Amino acid sequence: MAGITRYGSYVPFFRVQRAAFGAGRGARAVASHDEDSVSMAVEAARDALHGGASPELLLFATTSGAYAEKTNAATVQAALALPEQIASAELGGSTRMGLAALGLGLDAATAGRRALVCAADVVIGAPGGSRESGGGDAAVAFLTGPDSEACAGLLGRASATTELLDVWRLPEERFAKQWEERFGAEVLGPALADTATRALKDAKVEPTELSHVILDATNPRAAAGLPRALRLKPEQLADGLESQVGRAGSAHAGLALANVLDQAKPGARILVTSLADGCEALVFEVTERIATARPRHVVSGWIASKRDDLAYNNWLKWRGILPFEPPRRPDPERPAAPPMRRHERWKMAFEGARCTRCQTGHLPPQRVCIHCGAIDEMAPERFADRGCKIATFTLDHLAYSLQPPVVAAVVDFEGGGRLTCELTDVEPASVAIGNELEMTFRRLYTGQGVHNYFWKARPRRQATA
Amino acid sequence: MASHGIRDRVAIVGMGCTPFGEHWDKGADDLLVDACKEAYASARVEPDAVDAYWLGTMGSGVSGLLLSEALKIRYKPVTRLENMCATGSEALRNAAYAVASGAYDLVMAVGVEKLKDSGYSGLVGSRPPDDGTLPTMTAPAMFSLLAPAYAKKYGVDEGTLKDVISRIAWKNHVNGAKNPKAQFRSEVPIEKIKSSPRVAGMFGVFDCSGVSDGSAAAILCRAEDAHKYTDKPIFIKALAFAAGPAEGFFNQEYDFTTFQEVVASCQDAYAQAGIRNPREEVSMAEVHDCFTATELVLMEDMGFSARGQAWKDVLDGRFDGNGPQPVNPDGGLKSFGHPIGASGLRMMYEMWLQLRGEAGARQIRDPKLGLTHNLGGQPGRCVSFVSVVGR
């Protein structure tokens, strides 16, 4: 058998209060204007890969892929500096695919192939609807491996595939639709009960032995019956993160699982289900290894690190739902394919170089050393996980941005290396010379239909050991 | 580095300069014709007398054809060149070497830029296809990095520094108000300058030079031939240029309070011209005030002020039009405007007028040596041109 060996999560910095758009209480997490499902998946996966083994398979599940046709998983592979000799596949079509991907990743591990499973979604809905208000943006990542290395071992599982018209969206449409929930609950409720029961039987676990139960569903009504069906107590039900994050699409089941793992004790048994056009149910047992397998960033830490004041209309602008007056500046040009490929390690993995003669760091990598003039005596060096400090900065009110002003800074890395870059996830008034920052993978803009990915700096979201 | 200079071997014997501003009714070709007509007349020559041309423009046309077609030049050399905001000066520098070499007898350097056809705010550059990772700060943002760095290094509080840079803008508008060819010809109260909406960092609208159209031209010959064209030639004492390795982008020790390229080009120019004490020996200067804080830092890089002291000199009025060492007496980029390809030659035009006693209300008393300076790029990564001229 197999299990989860490491994991990571990501919740973006911004929140829109539901009251700001007349949609009830709490807040939902909102990806910034420079984030998408790919960039968020990278953030979650960085922790899953930290200190761990190298996967042979990369699975990416999303219903909001940055490209409809171009392998988003390849961008994830590049940004994580994974070897090119890796298998990759993408899953889409419903929010169940996050957990389905984890299931496939566990299958691969059972067969001896470690997998990195990422799930991420930017969830939007037609303004005024429940998908908009109930949704949230987030990402999660799991590394699968043999039982002997697992922090959460797979005890059992079951699946169901159900053809019904519940949630649907044509490729050319922006907003998904849903048939009335009473109908969906009629079909999916029994599917959930049946699948969960079979999974528990496969795991040889009684419902009373479960410490945590995660219910993720396109249809809350459909999931509502399960606690009664399994005679679960309220304390067994895991936090659904609805009031602080929202339902994060394909990432949601995994995010709630990550949140449980952040706090669970060895021996805890977890049932996680995801209901959409069928059902996926996995049963895990937490092992002694959980203490050392926990990621540097925990779900509650991401949730606590936030800006609460995003205006509804700005959020709509960021998602391209609300057209607005453009500035008198030229549209950005698309980045060109050959230079992107030549500089792929720099652009995607934030890999610079260090002169082997005088040890001066260079960002971006150079062939000629700025300090000693040596030519072609450089060694590549990855700076993505290094902290940096602000040497100087400015607030640019003229530059085009979906979140003006642009905060541009010159940042210096410990041990050498200097970069001029944009700051993100930051309150402009708090920026000062000497501030410590960390690097984050972002989608700078989309120019002439091509996404432009690179790195920005942000104040640390969570204190890490 | 061997840089021997051509001191007193080349003379400027004619100049022309269009008004700078928003010339909706003129294209680049019209501006070129206007500037060249004036230059030919100034040197009292027919167009055909000029043997070779150097045309500077950053984005208003490619190849020498932009000039040869507009002026109907028949089969003469026309070199098109660009070196960012030092383009116009670069045209002059190369034309001067050509005539000093003896290859030609009478040459013209002309610069032009047509910025107001694009419809965009601010400068718009075009770049070759790239990987999308190049930092994309606007020009005001790039230069706004100078201000907090200068304040921090020299212990000037940011309120005082805002006063200093506002004073620079005020001075240049006072000068521009005396200049019929400037884009902005009114004085602006200093309070209005200080309180204008922020564009980037400490800069308000009035800390930034204008986007404008214009052209300027100079006719040069070897010194011994100058008398054929004018009784009041001006002579080139020094021409220097420095292109940097983008040190500031890589070296953590670069602190945004200086332009190494300016220091290097000034050292070369002063050596060529035999200047040992620029604060005392340079009577007047046209420097690259793309932004007010740039002019402040340039005073120190040029040795007009000691390090950390330029802010006091500014507040003392040292660089005012009627001060001991006038800087940007014609209004500078700030109020004359900055059509990129033309600016270097516009600066030389003011030196030409001043040295010949033709600067009217702006006339400086008995100037000896004038300096022109252009800077292209940004703090930490730029090119710098310096010339010294005199009678």
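Residues numbered from 1 in each chain as written. Chains lettered and ligands numbered in written order. Predicted model: local features only at pLDDT ≥ 70, side-chain atom pairs only at ≥ 80, totals over all residues.

## Concerning the environment of A:Ala196
Residues and elements named next belong to chain A.
Next, step 1: Residue placement: Ala196 occurs in helix H5 (residues 181-203).
Next, step 2: Residue Ala196 is classed as buried on the basis of its C-beta count, with 25 C-beta atoms lying within 10 Å.
Next, step 3: In this structure, the C-alpha to C-alpha distance between Ala196 and Arg157, residues 39 residues apart in sequence, is 8.2 Å.
Next, step 4: The contact partners of Ala196, leaving out residues within four places of it in the chain, are Leu226, Leu230, Leu271, Thr273 and Ala281. (Helix = DSSP H or I, 4+ residues; strand = E, 2+ residues; numbered from the N terminus. Buried ≥ 20, exposed ≤ 12 C-beta atoms within 10 Å, placed from the backbone. Contact = placed C-beta atoms within 7 Å.)

## Here's the deal with the nonpolar core
Next, step 1: A:Ala41, A:Cys118, A:Ala139, A:Ala141, B:Val110, B:Ala218 and B:Leu220 are the most contacted members of the largest nonpolar core, which has 268 residues in total.
Next, step 2: In terms of residue count, the dominant contributor to this core is helix H14 (residues 340-355) of chain B (10 residues).
Next, step 3: Contacts of B:Leu220, omitting those with residues within four sequence positions, involve B:Val10, B:Ala11, B:Ile12, B:Val13, B:Ala95, B:Ala96, B:Val99, B:Val107 and B:Ala109. (Core = buried A, V, L, I, M, F, W, Y, C linked by C-beta atoms within 7 Å.)

## Re unusual backbone geometry
Residue and element names in this part refer to chain A.
Next, step 1: Here Leu363 and Pro364 are connected by a cis peptide whose omega angle stands at -5°.
Next, step 2: For Pro364, the position within the fold is in the loop between strand S15 (361-362) and strand S16 (378-382).
Next, step 3: Backbone torsion omega between Pro404 and Pro405 reads 0°, so that peptide bond is classified as cis.
Next, step 4: Phi is positive for Lys204, which is not a glycine, with a value near 60°.
Next, step 5: If you trace the backbone, Lys204 turns up in the loop between H5 and strand S11 (212-217).
Next, step 6: Given 10 C-beta atoms within a 10 Å radius, Lys204 is considered exposed.

## As for the sheet that holds strand S12 (residues 269-275) of chain A
Backbone hydrogen bonds hold the strands of a sheet together, and the pairing may be parallel or antiparallel.
Residue and element names in this part refer to chain A.
Next, step 1: What the 9 strands build is an open sheet, ordered S5-S4-S6-S7-S1-S8-S13-S12-S11; its pairing is mixed. Each end of this open sheet is capped by a strand with a single partner; those strands are strand S5 (87-91) and S11. Along the sheet, successive strands turn relative to each other by an average axial angle of 25°, direction set aside.
Next, step 2: Here strand S8 (residues 152-161) pairs with strand S13 (residues 278-286) via 9 bridges, running antiparallel. Across the sheet, residue Thr161 finds its bridge partner in S13, namely Gly278.
Next, step 3: Contacting strand S1 (2-10), strand S4 (57-61), strand S6 (115-121) and strand S7 (138-146), helix H1 (residues 37-49) runs over the sheet at an angle of about 40° to S7. (Pairing = 2+ DSSP bridges. Axes fitted to C-alpha atoms, helices over the stretch in contact; angles between N-to-C directions.)

## Some points on the sheet that holds strand S9 (residues 284-286) of chain B
Residue and element names in this part refer to chain B.
Next, step 1: A sheet is described by the order of its strands in space; here 9 strands give the open sequence S3-S2-S4-S7-S1-S8-S11-S10-S9, paired in mixed fashion. In this open sheet, the two strands that pair with only one neighbour each are strand S3 (78-81) and S9. Geometrically, the sheet is characterised by an average inter-axis angle of 25° between neighbouring strands, direction not taken into account.
Next, step 2: Sitting on the sheet, helix H1 (residues 28-43) is in contact with strand S1 (10-17), strand S4 (106-113) and strand S7 (214-222), with an inclination near 130° to S1.

## Quick notes on the domain arrangement of chain A
All names here are of chain A.
Next, step 1: If you check the domain split of chain A, you get domain 1 (2-318) and domain 2 (337-459).
Next, step 2: Computed from C-alpha coordinates alone, the two centres of domain 1 and domain 2 are separated by 31 Å.
Next, step 3: Listed as interface residues are 17 residues of domain 1 and, on the opposing side, 18 residues of domain 2.
Next, step 4: Among the elements of the structure, H1, helix H2 (72-79) and helix H11 (312-318) are those that each provide at least two residues to the side of domain 1 that touches domain 2. (Domains from an automatic or database assignment.)

## What to know about the pairing of S3(B)
All names here are of chain B.
Next, step 1: Of the pairings in the sheet, the one linking strand S2 (residues 52-56) to S3 comprises 4 bridges and is parallel in character. Residue pairing in the sheet places Gly56 in a bridge with Leu81 of S3.
Next, step 2: On the question of chirality, the crossover connecting S2 to the parallel S3 by way of helix H2 (residues 65-71) is right-handed. (Right-handed = clockwise from strand over helix to strand, strands pointing away.)

## Some thoughts on the domain arrangement of chain B
Residue and element names in this part refer to chain B.
Next, step 1: Per the domain assignment, the segments of chain B are domain 1 (10-119 + 213-233) and domain 2 (139-207 + 236-390).
Next, step 2: Its C-alpha centre places domain 1 at a distance of 24 Å from the equivalent point of domain 2.
Next, step 3: With 35 residues of domain 1 at the contact, the number on the domain 2 side is 30 residues.
Next, step 4: Those elements that place two or more of their residues in the side of domain 1 that touches domain 2 are S1, helix H3 (87-100), S4 and S7.
Next, step 5: Ranked by residue count, the leading element in the side of domain 1 that touches domain 2 is H3, at 8 residues.

## Some remarks on H1(A)
Residues and elements named next belong to chain A.
Next, step 1: Across its 13 residues, H1 extends 18 Å between first and last C-alpha, which sits within 8% of the 18 Å expected from 1.5 Å per residue.
Next, step 2: The buried fraction of H1 is high, at 12 of 13 residues.
Next, step 3: Among all positions in H1, only Ser37, Val38, Ser39, Met40, Ala41, Val42, Glu43, Ala44, Ala45, Arg46, Asp47 and Ala48 are buried.
Next, step 4: Buried residues along H1 sit in contact with S1, S4, H2, S6, S7 and strand S20 (436-447).
Next, step 5: In the stretch just after H1, Gly51 is the one whose phi turns positive, near 70°. (Expected span 1.5 Å × (residues − 1).)

## Focus: the interface of chain B and chain A
Next, step 1: Contacts between chain B and chain A engage 31 residues on the former and 31 residues on the latter.
Next, step 2: The set of elements that each furnish at least two residues to the side of chain B that touches chain A consists of helix H4 (139-144), helix H5 (146-154), strand S5 (198-200) and helix H8 (247-250) of chain B.
Next, step 3: Looking at the side of chain B that touches chain A, its residues break down into 16 nonpolar, 10 polar and 5 charged. (Nonpolar A, V, L, I, M, F, W, Y, C, P; charged D, E, K, R; others polar.)

## Here's the deal with the environment of A:His397
Next, step 1: Mapped onto the elements, A:His397 comes out in the loop between strand S17 (388-396) and strand S18 (406-413).
Next, step 2: With 19 C-beta atoms counted inside 10 Å, the residue A:His397 sits in the partly exposed group.
Next, step 3: Distance from A:His397 to A:Val407, taken between C-alpha atoms, is 8.9 Å for residues 10 residues apart in sequence.
Next, step 4: Excluding anything up to four places from it in sequence, A:His397 contacts A:Pro404, A:Pro405, B:Arg198, B:Val199 and B:Ala200.

## Details of the confidence of the model for chain B
Next, step 1: With 100% of its residues at a pLDDT of 70 or more, chain B has an overall mean of 97.
Next, step 2: For this predicted complex, the interface confidence score (ipTM) comes to 0.91, while the overall pTM stands at 0.95. (pLDDT = per-residue confidence, 0-100.)

## Regarding H3(B)
Next, step 1: Helix length check: H3(B) (14 residues) gives 20 Å between terminal C-alpha atoms against 20 Å at 1.5 Å per residue, within 8%.
Next, step 2: By the burial criterion, the buried members of H3(B) are B:Thr87, B:Gly88, B:Ser89, B:Glu90, B:Ala91, B:Leu92, B:Arg93, B:Ala95, B:Ala96, B:Ala98, B:Val99 and B:Ala100.

## Here's the deal with the packing of H5(B) against helix H11 (residues 292-301) of chain B
Residue and element names in this part refer to chain B.
Next, step 1: The geometry of H5 relative to H11 is characterised by a closest axis approach of 9 Å and an angle of 45° between their N-to-C directions. One element, H5, and the other, H11, form an angle in the oblique class. Contacts between H5 and H11 involve Leu146, Ala147 and Tyr150 from the former and Ala293, Thr294, Leu296 and Val297 from the latter.
Next, step 2: When its residues are assigned to classes, the contact of H5 with H11 shows 6 nonpolar, 1 polar and no charged. (Parallel < 35°, antiparallel > 145°, perpendicular 65-115°, else oblique.)

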